[in-house]
Amino acid sequence: MANETQPRSQLARTAIMGAVTLALYIALFAFEEHVLKLTAQGKWSFVIPIAIAFAISYFHGAFTGGFWDALGVKAKK
Amino acid sequence: MEVSANFIDLTLTGMVYLFIVGFVGGLVSGFIGSGGAFVLTPAMMSMGVPGIVAVASNMCHKFPKALVGAMKRAKYGQVDLKLGLVMGASAEAGVLYGAHIQEGIKKTFGDAGSNLYVSVAFVIVLAVVGGYVMRDAIRIYRSGNTQEDETAGPLARWIQSIHIPGTMVYFDSIKAKVSVLVTIPLGFATGMLAATIAVGGFVGVPSMMYVLGVPSMMASATELVIAFVMGVGGTIKFAWSGFVDIRLAMIILAGSLFGIQIGAIGTTYVKPFMIKVVMGVIMITVLFSRAFVIPVYLSQLGLIEPMTEASMKLLKNISFSIMILALVIGAGIVLKALIQGMREHKQQHGLIEEAIAAD
């Protein structure tokens, strides 16, 4: 089914995005204490949680879009 | 883990719980442009997260979610970026002012006073706006003319006819010029509501539809731009004081990005009035949820006879359950509409292909 709905390159891109997302989440929780210390410092370190949110949303957003596409859940054309 | 008393130890159950609530919240947000946030903050607090950390972490998941949703819906041509940014800027001011009022009330009347203020705001706004949206959705459904809301109503036509030199801005979504002196208070009210009940869209989307004359599909998509602007501002405000628990925010984001994609896709299969149906149903259900906790806060403030701890806990649990029910009902309607729309589309597509093959 997946091959019918998405070309192979698109599936590969989705898989890469998924792998990067997973790696980011593993890193977030593997270094949980350190990351929390950095993000909870306040003042100008506010950029750290914002940067993390942007980075994860970029990769995870692309992955979730491709994920539903691969399952055939697509917008009406 | 010993970082700060503000941050709880996360369990796997807690993570799965937040992921699921995030998914359902994202699904509703992708469809109506907002919603979900009103459940996420209490959901985190029910896990022992301090209120301010729950609000801060909610904000931090909100802006990337809104960004992904807005980009998705922009692909479908549903976003009026200029209107979103103009309203977003004034919404930001509304958030700051709303937070200032909240702080003042908390200082004067304590936690119970602040909670009562939030609940009363919930009930009044949801009763007035939610009731109007719901009534309008029922009227359109009964009339059988489900495309009707694409035309501006009498209030919007009047607003569009007002010309104040030096303040007029052209917006693609209404194909007309409107004075920013009209959009600024609308954005401000959206921000104030966001700072009070966490869901500015309950004012933002209806005001764009009924006051400016924006089609409901575009209003709900443009709300995502407003939510992004408010979310970034709110995150900076709370992260500046170190209140964001990035783990909580990112777990909710993980679920909500799966949900927001489906919600956004769902809008391409439904008739525009379905936005009003989902919004109206959620608003009215949440209204009942908040009505249940008002006696608790009245009792804590000594304005009515004191209630027992057990009674207060019961009312709070009923309220939280109804809130979750509101989100589940909204998500259920979106999913049902999506599945039905996809099935009909597939059938139509099949018929066309059969006709071509027969030729």
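The structure presented is a predicted model; accordingly, all values stated were derived computationally and were not measured.

Colleague: What's the story with the pairing of strand S2 (residues 176-179) of chain B in this structure? I'm lost.
Modeller: Each regular strand displays side chains that alternate between the two surfaces of the sheet. Residue and element names in this part refer to chain B. Across 4 bridges, strand S1 (residues 168-171) lies against S2 in antiparallel orientation. The residue bridging Tyr170 from the neighbouring strand is Lys177, located in S2. Turn length for the S1-S2 hairpin, with the two strands adjacent in sequence and antiparallel, is 4 residues, and the turn residue Lys175 shows positive phi of about 50°.

Colleague: Looking at this structure, how should I read empty space enclosed by the protein?
Modeller: Residue and element names in this part refer to chain B. Enumeration over the complete set of coordinates arrives at 1 cavity of 30 Å³ or more. Approximately 120 Å³ is the volume found for the largest cavity. Gly33, Ser34, Gly35, Lys62 and Ala227 are the residues nearest the centre of the largest cavity, which is lined by 18 residues in total. Only helix H3 (51-75) and helix H8 (216-240) provide two or more residues apiece to the lining of the largest cavity.

Colleague: How should I be thinking about the packing of helix H1 (residues 12-32) of chain B against helix H2 (residues 37-45) of chain B in this particular structure?
Modeller: How two helices pack is summed up by the angle between their axes together with the distance between the axes. Residue and element names in this part refer to chain B. Interhelical geometry of H1 versus H2 gives an angle of 170° and a closest axis separation of 10 Å. Judged by the angle between their axes, H1 and H2 are roughly antiparallel. Along its contact with H1, which presents Tyr17, Leu18, Val21 and Gly22, the element H2 presents Val39, Leu40, Ala43 and Met44. Per-class residue counts for the contact of H1 with H2 are 7 nonpolar, 1 polar and no charged.

Colleague: Please explain the interface of chain A and chain B as it appears in this structure.
Modeller: Accessible area lost on assembly of the parts is the figure often given for the size of an interface. Facing the 34 residues of chain A at the interface are 39 residues of chain B. Both sides of the chain A and chain B interface together cover about 3,100 Å² of buried area, and 79% of this is carbon and sulfur. Looking at the side of chain A facing chain B, the largest losses of area belong to Leu36, Trp68 and Lys76 of chain A, adding up to 19% of the total buried there. A salt bridge links Glu32 of chain A to Arg247 of chain B; its shortest N-O distance comes to 2.6 Å.

Reading the values: rules and limits
Residues take numbers from 1 onward in each chain, read along the sequence in its written order. To label them, take the chains in the order written and letter them from A, then take the ligands in the order written and number them from 1. Where totals are concerned, whole chains, interfaces and linings use all residues; where local detail is concerned, this predicted model gives features only for residues with pLDDT of at least 70, and gives and counts side-chain atom pairs only at 80 or more. Water and hydrogen atoms were dropped before computing side-chain values, which therefore reflect all heavy atoms in the structure. In short, DSSP must find at least two bridges between two strands for them to pair. Per the convention used, a helix needs a DSSP run of H or I reaching at least four residues, while a strand needs a run of E reaching at least two, with both numbered from the N terminus. Put plainly, a pocket is an open set of points on a 1 Å grid over the protein atoms alone with protein on both sides within 12 Å along at least five of seven lines, a cavity is a set where a 1.4 Å probe fits but cannot get out, and a lining residue has an atom within 4 Å of a point. Grid points are joined across faces, edges and corners, and a volume is the space filled by probe spheres set on the points. Each axis is a line fitted through C-alpha atoms, and for a helix only the stretch in contact is used; angles between axes span 0 to 180 degrees, taken between their N-to-C directions. Working definition: roughly parallel below 35 degrees, roughly antiparallel above 145 degrees, roughly perpendicular at 65 to 115 degrees, and oblique for all remaining angles. Whether two residues touch is decided by their heavy atoms; if any such pair falls within 4.5 Å, the residues are in contact. In this classification, Asp, Glu, Lys and Arg are treated as charged, Ala, Val, Leu, Ile, Met, Phe, Trp, Tyr, Cys and Pro as nonpolar, and every other residue, Gly included, as polar. The buried area of a pairing is the accessible area, by a 1.4 Å probe, that goes missing from both parts when the two are put together, added over both. Just to be clear on terms, a salt bridge is a Lys or Arg side-chain nitrogen sitting within 4 Å of an Asp or Glu carboxyl oxygen.

Such coordinate-based values are descriptive only and should not be taken to indicate function.
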